[in-house]
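For reference, the chains in residue letters:
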Amino acid sequence: MQNARDGRPAADTPAEPGPPGAATPPVTRWTHRRTPRGAARTVLAALSVAALTAGLAGCAGSSLEEGEDGGGAGGGKQGSLVVGSAGFTEAKILARLYQQVLSEAGYATTVKTVENREIYAPALEKGTVDVVPEYAATLAEFLNRDENGPDAEPVASSDVGATVAELKKLAEPRGLKVLPAGKAVDQNAFAVSAEFAEKHGLRSLSDLGRSGEKVTIAAGEECEVRTFCAPGLRKTYGIDVAGVDPKGVGTVQSKQAVKDGTDQLVLTTTTDATLDAFGLVLLADDKKLQNADNVLPVVNADDAGDPRIADALGELTAVLTTDDLVELNRRVDVERRKEADVAKEYLESKGLVEK
């Protein structure tokens, strides 16, 4: 998958703007550098067992989080479930949303948080984890490369239906059940300063291309060669890209550079909750350069294939939007509130759990 987060470690979204020289982790989450499946899965299985048992409690970003009552939430009349989560803010929020709607449906639930997909994916296959919130295109390419090698022909696209269909083909032989995707999407996105947008009449990337303005992109250095980034902006939108300023994907430094006018365009994500703080606005990807990274649940088919689980998660998927994710991220990253608390408030507001 041609994604800004390829080959990078998981990290949280920066909480709030800081000084231009501050060392802030990038908004990156997923790594895809894989060996062929046979060799990789032996290593990953060992990693998952170690990480999900004794090793998690002492590692930053790889902690084991139980339900709020310390022993798992919910009465457990329908059984018990483990919800897996990657180590960045949005994944933790989604895991808490899943936990609470499943608790409402009668399941005893706990949340296990680990750093990245390389660890929790094999755990999901083995049944150590039962349910995971995922992103359609990214997971499709992760499994594609695991199955067919690092140079596999991409299977994901901007078409969410086609992408989910390809994901199911790869997931089902592994004992995974892919539930329907919703409207909420977290994918690569480009932002400019509100002042720059107003000056040149910009609402979309097509507008930027038509403007003829020369831009420098604040991003990771891989933006120079990734189809979704500089090459794609040139080819798909006709944008005059002068170069890439390698300050990272969605970092404070990158956004500050665009705010200050040093750069004109920043690569971030559609659910970045800190854009307003920098006076930045997203430009619409109106020609669909980016892949369909819609949020969807993935479950272990044997342990969590009950239709009641799909129904409970489906009610959440049906109402969750990209704007909702932005606001939930903001409450955690900017207001420094707990993921479980903001998840509970959201679900109560939608009538999905009792107050």
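We now turn to the structure provided with this report. The structure displayed is predicted, hence computed values, not measured ones. (Residues numbered from 1 in each chain as written. Predicted model: local features only at pLDDT ≥ 70, side-chain atom pairs only at ≥ 80, totals over all residues. Heavy atoms only, no water.)

The secondary structure content of the protein chain amounts to 13 helices and 11 strands. When the 355 residues of the protein chain are sorted by exposure, 56% land in the buried category. Of the contacts formed within the protein chain by residues at least 6 apart in sequence, a portion of 78% connects residues at least 24 apart. For the protein chain, the exposed surface amounts to about 14300 Å²; the carbon and sulfur share of it is 49%. (Helix = DSSP H or I, 4+ residues; strand = E, 2+ residues; numbered from the N terminus. Buried < 20%, exposed > 50% of the residue type's maximum accessible area, 1.4 Å probe, protein only. Contact = heavy atoms within 4.5 Å. Areas by Shrake-Rupley, 256 points an atom, 1.4 Å probe, with all protein chains shown as cover.)

Tracing the backbone shows Asn291 in the loop between β10 (280-283) and β11 (295-300). Sequence separation between Asn291 and Val185 is 106 residues; the distance between their C-alpha atoms is 10.0 Å.

Moving on to the sheet that holds strand β9 (residues 265-269). Read from one edge of the open sheet, five strands run β8-β7-β9-β6-β10, paired in mixed fashion. A strand with exactly one partner marks an edge of an open sheet, and here the two such strands are β8 (240-246) and β10. In this sheet, adjacent strand axes meet at a mean angle of 40 degrees when their direction is disregarded. (Pairing = 2+ DSSP bridges. Axes fitted to C-alpha atoms, helices over the stretch in contact; angles between N-to-C directions.)

Right, let's get into the state of the cysteines. According to the stated counting rule, one finds one disulfide in the structure shown. For Cys223, the disulfide goes to Cys229, at an S-S distance of 1.9 Å. Between Cys223 and Cys229 the disulfide shows an S-S torsion of about -80 degrees. By sign, it is left-handed. Taking relative accessible area as the criterion, Cys223 reaches 1% and is therefore assigned buried. Judged by relative accessible area, Cys229 falls into the buried class, the value being 0%. (Disulfide = S-S within 2.5 Å.)

In this section: helix α12 (residues 322-333). If you check α12, its first and last C-alpha atoms are 16 Å apart, about what 12 residues at 1.5 Å a residue would give, namely 16 Å. By the burial criterion, the buried members of α12 are Thr322, Asp324, Leu325, Leu328, Asn329, Val332 and Asp333. Summarising the axial view, the buried residues of α12 lie within an arc of 150 degrees, below the 170-degree limit, and thus occupy one face. In this structure, the buried side of α12 is in contact with α2 (89-104), β11, α11 (307-319) and α13 (339-349). (Expected span 1.5 Å × (residues − 1). Arc of directions from axis to C-beta.)

It is worth spelling out the side chain of Gln290 at this point. Its location among the elements puts Gln290 in the loop between β10 and β11. Of note is the side chain of Gln290, whose polar atom sits 3.1 Å from the backbone oxygen of Phe228. In this structure, Gln290 is in contact with Ser158, Gln187, Asn188, Phe190, Phe228 and Asp285, ignoring residues within four places of it in sequence. (Polar contact = N/O pair within 3.5 Å; in protein donor to acceptor, adjacent residues only side chain to side chain.)

Across all of its chains, the model carries 15 salt bridges by this definition. The salt bridge involving Arg331 is made with Glu327; its shortest N-O contact spans 2.9 Å. Here Arg331 and its partner Glu327 are both found in helix α12, four residues apart, which amounts to about one turn of the helix. We classify Arg331 as partly exposed; its relative accessible area is 23%. Here the salt bridges do not stand alone but share partners, grouping Glu327, Arg330, Arg331, Glu335, Arg337 and Glu345 into one network. (Salt bridge = Lys/Arg side-chain N within 4 Å of Asp/Glu carboxyl O.)

Turning our attention to the nonpolar core. Core analysis: the biggest nonpolar cluster contains 57 residues, and Leu97, Leu102, Leu313, Leu316, Leu320 and Leu347 have the highest contact counts within it. At eight residues, α2 tops the list of elements feeding residues into this core. Excluding anything up to four places from it in sequence, Leu97 contacts Leu316, Leu320, Leu328, Ala343, Tyr346 and Leu347. With 24 residues, the next largest nonpolar core counts Leu202, Leu233, Val244 and Val249 among its residues. (Core = buried A, V, L, I, M, F, W, Y, C linked by side-chain atoms within 4.5 Å.)

Right, let's get into the layout of surface pockets. Of the volumes computed, that of the largest pocket is approximately 340 Å³. Residue lining of the largest pocket: 19 residues in total, with Val185, Gln187, Thr270, Asp285 and Lys288 positioned closest to the centre. Going through the elements one at a time, β6 (188-193) and β10 are the ones with two or more residues in the lining of the largest pocket. Examining the composition of the lining of the largest pocket, we find that three residues originate from one element, β6, more than from any other. Taken together, the residues of the lining of the largest pocket break down into nine nonpolar, seven polar and three charged. (1 Å grid on protein atoms, 1.4 Å probe; cavity = no way out; pocket = protein on both sides within 12 Å on 5 of 7 lines; lining within 4 Å. Points joined across faces, edges and corners; volume = space filled by probe spheres on them. Nonpolar A, V, L, I, M, F, W, Y, C, P; charged D, E, K, R; others polar.)

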